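A look at the structure
The chain contents come next:
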Amino acid sequence: MVKIKKLKPGVYRYSDVCDFLSDDKKINLKENSCEDYSYIISGYKILSSRDIVSFRTKTQLLLINYLSEKYEFISSVKWNFEPKIKGVKIDKYGNLTVDDSLVIDSDCDIFVYTKINGEKIGKTIRIVINDIMNKYQYLVHYYRHNEDYTGWNIWSWCDECNGDKSEQIDFFEENDFGRLAGLNMASFKLRKYDWVESLHKMAFSNTLSTEIYATDWDWNVYTNFLDAYKAISPKIKFAIMDNDKEIIAYLSSFILYNTEFYLTCNGKEISNISYKIEERKIIFKLPCDFKLDTSMYYEIHASNFFSPCKVTLRDVLDKFCYDGDDLGITFNKTKVILKVWAPTAYKVKLYVYKDYNVKDGYGSSYKMKRIKEKGIWVIELNKYDIVNKYYNLNIIINPGTKDELDNFVVDPYAKAISVNGIKGFITDINNIEDELIVPSNFFEHKRPVFESHTDAVIYEMNVRDYTCDPNSGVKNKGKFLGITEEGTRLNGDSNIKTGLDHLLELGVNCVQLMPIFDYKTVNEGKCDPDDYNWGYDPQNFNVPEGIYSTNPFNPKSRILESREMIQKLHEKDIYVVMDVVYNHTYELSTFDSLVPGYYYRSNEYLRYSDGSGCGSELATERFMVRKFILDSLIHWYENYRIDGFRFDLMGLYDKKTMEIFVKKLQEYNSNILIYGEPWKGGWSTLPWHESIFKGTQRSKGYGVFSDNYRNALRGDNGVPKPSLGYLTNDYSKKEEVFNGVMGAINDFTDHPTEVVNYISCHDNYLLYDQISSHYFNFEKPYKSFDRRIEKDNPLENEIVKRTILGSGIILTSQGIAFIHSGDEFLRTKFGNHNSYNSSENINMVNWKYKKYYKKVFDFYSQMIKLRLTHKLFRLDTKELVNIHFQGLYAPDLVVAYTLKNNNKYDEWKNIIVIYNPYNENKLVYVPKGKWLIYVNSNYINNSCSENEPQIINKIEVDSISITILYEI
């Protein structure tokens, strides 16, 4: 039996201490009450960042005074310790250190203390000789308010290493703050298990410190123990209004005994407020006559020392939505009208500048008028006073309070901007009389049309990569205009077509442009080959990226030139798909400076969700977020004549939103091409049942990429060695491959129009590099290497055979065919599997490879021609696929890629056939047309029906080699 004489000072859950309290201190809880409280045991206590100290580490001490219903941190402390040991030091700030003069044989303890009214207040700290933390450069402390650390660890990586260095770090020790781990790489995320849940990216490079404190509720990170502990001390942490009936607040610990709460509006208490407490959550019920004014400042107050907490208006702002189609700048004959949705703003001003680099607030200012019920601010000005000038918005929120915001923001609806997107630019982008912004006949030129989505052979390209090679023969290298140039040839070889002519020679009919709207991390004003990014870091969604313009300092140039590129591709009967990244923004300020807390997805503690792994994700389920994205899509469709959209990380869009997008876009074009990635980049607050994944798209009018098929063919994306696939001798993947050949109709689609088949794209290893990774190791840093491919006969190379087998299978499968630029002549990034911010030297399409591997290119072009010539490869319903593939199961797929030097067959080209070794009759399906067919070198047939595919029956051999030659 243990007798407890006294509890140590601190904050305790009431249920844990009530048995030790005197009767006059006990709380009379109602019967069956769910309420709970914290109780303060008065007195002084020392807390420490670690319970040990060692060489080259620092332990921080903190003195805290727990008083009745409050506590305080003591800033001025006279510290001491015993016994005295040479080399052990403590300064007035409580920093305990050990220097090299320490001489001890083994670990030992010291008692660190201070005196309060003659009484020693102290704590034992252990001096450790061999501290595990000494081998780490950085320390991470992590605190969880529910004190449950089960499954939590750290994923750490090096930003400068292109993702090649990364590792999981487990927490090593427990201390007064929470848990502690050591890292040697500067960037990290806190995560639960293997990405079941995760917090936003943190980086030591952003703090100029080697020690970070982080919590599960706080968006901030701290670099000293005092600030971190203040952050987790009892307080009202968050208060959120998602509807006009209630406000939910959260406490950092259980409610303190005898605490009362109340709500104020601009400092005045609101009457008739009731509330109930559920552990750390307080639910405030608002009176029936409560009317929300979104521009007012609402706060939750407590009767104890808790600081007041601002109420963040979140989902409730949907009640103040605006459904007009005139947000941003619009023009009439004499006026410029600007409308901005900013319902929480107290005041909004428009600032107009003669030049983009004028300091914010130093231009001509104009007060905007508020339309309260719609959350809109509006102004009309004389067009000729402000046209062709720069502008931004001054948003003032909660003036005169501790949470006052005075933000300068770029209009999110801006359709023209300055260099690097610093300010918006006032111009009518559809003024057909302005030849500097609208190409001749742009709005009248004919768009290409697909009868079915399966007609598309998509060619993914990056505007910069495609022509920046010094040998490309393109004048405007890496620019929109570079893709418009005709007659370009490889430097030194007039027989090798590049650029636009290459697309036409290859035969693709659809180009997917990697992100071309304005992104953040490349300096548009300086053309530096090493300053590079793919563009998945959005900044201004409605304006083309300036790095692709010949003059990024002229806001009209990027608009004109991107339109000229699209128009030229249309003239060549090439469909243009835009890769759009509406799932996140690179910086919170893009929208959060305008309407704090609304545009971005967050959890119940206002912790922003980072399901992209690249930045805070947009809350597509909210009305004005959904509207912004839809308005932007329509803008690109109408004003730039984009033909389709590829959605990055479609798993971060809720299903209802995507269905609305598809329905609305189909009103403009009933057969518009829409597809995307049916996955997320990390943990998200968007519930799984509302997310988009493979199968969600069934009969919904859009398609998804099939990573099932990609992985079956080439293996997964493991680094440095991916797993094996069908192409690298894992024949257990045959059935998965055949599911892909069938357009996934027996997997996750209703029709083959809903699946995009690919084997290579900008993400992960290129196709050649993926296959090569099983044969040799790539050197770091990434540099060119001897591929040992005979240029005269590359098709005899083992790796090449496997790459073209994979591409041939993709190009003869049901569904939408997709290839990545440069794969048609064995493009390599020298083993760099994540080159998003590598140099041009790594990312560029090297046109010399087309000369070296022309026979590989010829194979691709012939396969594309075969696909587009024969509808059998482009069936668009499940019923048609089942008819033509009846009886086939898990086929062997054979590519015949060599021709005998026999003049008799010069006019014939090799293609793929699907062969079924499991069917009793050994059926072989051949599309209609004129063929020469050989089985084990024996001639079989020289013609097929013009109406039906030929079936060749009763092939008796078990081991079979099929070559089919098709007349071009």
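A few points on the structure.

On to unusual backbone geometry. The phi angle of most residues is negative, glycine excepted, and most peptide bonds adopt the trans form. Note that the residue after Glu82, namely Pro83, is joined by a cis bond; omega there is -5°. Mapped onto the elements of the fold, Pro83 is located in the loop between β7 (80-82) and β8 (88-90). Phi at Tyr193 is positive, roughly 50°, even though this residue is not glycine. Considering the arrangement of structural elements, one finds Tyr193 in the loop between β17 (187-192) and β18 (197-198). Here the phi dihedral of Leu606 falls at roughly 65°; this positive angle occurs in a residue that is not glycine. With respect to the helices, strands and loops of the structure, Leu606 is situated in the loop between α7 (589-592) and α8 (623-639). Looking at Leu606, the relative accessible area reads 15%, which means it is buried.

Leu190, Phe261, Leu503, Tyr582, Tyr599, Phe645 and Phe647 are the most contacted members of the largest nonpolar core, which totals 223 residues. With 21 residues, the next largest nonpolar core counts Phe55, Ile85, Leu96 and Cys108 among its residues.

Our next topic: the side chain of Ser773. With respect to the element layout, Ser773 can be found in the loop between α12 (767-772) and α13 (798-811). A distance of 2.6 Å separates a polar side-chain atom of Ser773 from the backbone oxygen of Gln770. Look past the residues within four positions of Ser773 in its chain and what remains in contact with it is Pro720, Lys721, Pro722, Tyr765 and Phe778.

Strand pairing within a sheet occurs via backbone hydrogen bonds; the two strands may be parallel or antiparallel. Spatially, β29-β30-β34-β33 is the arrangement adopted by the 4 strands of the open sheet, whose pairing is antiparallel. The open sheet has two free edges, formed respectively by β29 (328-331) and β33 (369-371), since each of these has just one partner strand. Within this sheet the neighbouring strands show an average axis-to-axis angle of 25°, counted without direction. Of the strand pairs in this sheet, β29 and strand β30 (residues 335-341) are connected by 4 bridges, and their pairing is antiparallel.

On the basis of which strands lie adjacent, the closed barrel formed by 8 strands has the order β38-β41-β44-β45-β46-β47-β48-β49 and parallel pairing. Neighbour to neighbour, the strand axes of the sheet diverge by 30° on average, direction disregarded. Where strand β41 (residues 510-513) and strand β44 (residues 575-580) come together, 4 bridges link them in parallel fashion. Along β44, the bridge assignment pairs Val511 with Val576.

It is worth spelling out the pattern of salt bridges at this point. Summed over the entire model, instances satisfying the criterion amount to 50 salt bridges. Between Asp434 and Lys556 there is a salt bridge, and its shortest N-O distance comes to 2.7 Å. Placement of Asp434 in the loop between β37 (424-425) and β38 (457-461) and of Lys556 in helix α6 (residues 555-571) is noted, with a sequence separation of 122 residues between them. When its relative accessible area of 12% is taken as the criterion, Lys556 is described as buried. In this structure, Arg464 engages Glu840 in a salt bridge whose closest nitrogen and oxygen atoms are separated by 2.8 Å. In this pair, Arg464 is assigned in helix α4 (residues 463-467) and Glu840 in helix α14 (residues 840-843), connecting sequence segments 376 residues apart.

Definitions and limits used
Throughout, a residue's number is its position along its own chain's written sequence, starting from 1. Reporting of local features is limited, given that this is a predicted model, to residues whose pLDDT is at least 70; pairs of side-chain atoms are given and counted only at 80 or more, and all residues count toward the totals for whole chains, interfaces and linings. To get the side-chain values, take all heavy atoms of the structure and skip hydrogens and water. In DSSP terms, a helix is any run of H or I states spanning at least four residues, a strand is any run of E spanning at least two, and both are numbered starting from the N terminus. To sort residues, take the accessible area from a 1.4 Å probe on protein chains only and compare it with the maximum for the residue type: under 20% means buried, over 50% means exposed, and anything in between is partly exposed. Definition used in this section: a nonpolar core is a set of buried Ala, Val, Leu, Ile, Met, Phe, Trp, Tyr and Cys residues joined via side-chain atoms within 4.5 Å. Here a polar contact is taken to be a pair of N or O atoms separated by no more than 3.5 Å, where protein atoms must pair a possible hydrogen donor with a possible acceptor and residues adjacent in sequence count only if both atoms sit in side chains. A contact between two residues is defined here by any heavy atoms of the two lying within 4.5 Å. At least two DSSP bridges between two strands are needed for those strands to be called paired. Only the contacting stretch of a helix is used when fitting its axis, a line to C-alpha atoms as for every element, and angles between N-to-C directions run 0 to 180 degrees. We define a salt bridge as a contact between a side-chain nitrogen of Lys or Arg and a carboxyl oxygen of Asp or Glu at a distance within 4 Å.

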